[in-house]
Amino acid sequence: MSPTTVWPVSDDLAGIRQLVDTYAHRAGLISRKREDLQLAVNEAVTNVLDHAGGRGQVRLHMDDEHLTVDIYDEAGLLAPGAFPAQLPEIAGRAREPGGFGVGLWLMRRLCDEATITQMPGWSRVRLRMRRTSES
């Protein structure tokens, strides 16, 4: 397995989830952590599709301690403070264009680490899982 795998953002969410699962399995993540990571990546890619023009890439890489998935978008709209501290209240209201639902909150809850980096012209959501059986 290559130390880094790159996949373009696309609406083939099942294919991206399968890529993440295969890579995470080879990295030694237990089933539950693989499923959590797949869901978190699915949410991040969906955000790129829905809010960032659909252009970007998914990069998977690992070191001795972590499996890291970076989801880049080419719009650069997502800022570091975007992760909500609490589950957003969405019941009874229509989804607002450009608004954020529960995806960001879910990413943060499912992964051992979740961060956002913003630079002119791009944003990156970084999702990390520890490769050890602890946690």
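Below, the structure is looked at part by part. (Residues numbered from 1 in each chain as written. Predicted model: local features only at pLDDT ≥ 70, side-chain atom pairs only at ≥ 80, totals over all residues. Heavy atoms only, no water.)

## A short note on the pairing of strand β5 (residues 122-130)
What counts is decided by this rule: A pair of strands is considered paired only if DSSP assigns at least 2 bridges between the two. Strands are runs of DSSP state E lasting at least two residues, helices are runs of H or I lasting at least four, and both sets are numbered from the N terminus onward.
The sheet contact formed by strand β3 (residues 66-73) and β5 spans 8 bridges and is antiparallel. When the bridges of β5 are listed, V69 appears paired with L127. Bridge analysis of strand β4 (residues 113-119) against β5 gives 7 bridges, and the strand direction is antiparallel. Residue pairing for β5: Q118 is matched across the bridge by S123. Linking two consecutive strands that pair antiparallel, namely β4 and β5, is a turn of 2 residues; a positive phi of about 90° is found at G121 within it.

## Points about the pattern of salt bridges
It is possible for side chains bearing opposite charge to pair when their charged atoms get close. Operational definition: Salt bridges, as used here, are contacts in which a Lys or Arg side-chain nitrogen is within 4 Å of a carboxyl oxygen on Asp or Glu.
This model, assessed by the stated rule, comprises 8 salt bridges. Bridged by salt links that share partners, the residues K33, D112 and R130 form one connected network.

## Here we look at the packing of helix α1 (residues 13-26) against helix α2 (residues 31-51)
Where we set the bar: Think of each axis as a best-fit line through the C-alpha atoms, taken over the contacting stretch in the case of a helix, with angles from 0 to 180 degrees between the N-to-C directions. Take the far helix as the reference: if the near one is turned anticlockwise from it by less than a right angle, the crossing is left-handed, and if turned clockwise, right-handed. Contacts: residue pairs with any heavy atoms within 4.5 Å of one another. Any residue outside Ala, Val, Leu, Ile, Met, Phe, Trp, Tyr, Cys, Pro, Asp, Glu, Lys and Arg is labelled polar, Gly included; the first ten of those are nonpolar and the last four are charged.
Viewed as axis vectors pointing N to C, α1 and α2 meet at an angle of 145°, and their least axial separation amounts to 9 Å. Crossing handedness for the pair α1 and α2: right-handed. Only R34, L37, Q38, V41, N42, V45, T46 and L49 of α2 make contact with α1, whose side of the interface consists of L13, I16, R17, V20, D21, A24 and H25. Broken down by class, the residue content of the contact of α1 with α2 amounts to 8 nonpolar, 4 polar and 3 charged.

## Quick word on the environment of H61
To keep it simple, the criterion reads: Any residue under 20% of the maximum accessible area for its type is buried, any over 50% is exposed, and the rest in between are partly exposed; the area is computed with a 1.4 Å probe on protein chains only. Whenever two N or O atoms come within 3.5 Å, that pair is a polar contact, provided that in protein one can donate a hydrogen and the other can accept it, and provided that, for residues adjacent in sequence, both atoms are side-chain atoms.
Within the secondary structure layout, H61 lies in strand β2 (residues 56-62). Overall, the relative accessible area of 22% leaves H61 in the partly exposed class. Ignoring anything within four residues of it in the chain, the contact list for H61 reads P3, T4, Y23, H66, L67, T68, D70 and R126. Reaching out from H61, the side chain makes a polar contact with the side chain of D70 at a distance of 3.1 Å.

## Some points on the environment of D70
In this structure, D70 sits in strand β3. Along the chain, D70 and T115 lie 45 residues apart, while their C-alpha atoms are 9.6 Å from each other. For D70, the residues in contact, after removing those within four places along its chain, are Q57, V58, R59, H61, R124, V125 and R126.

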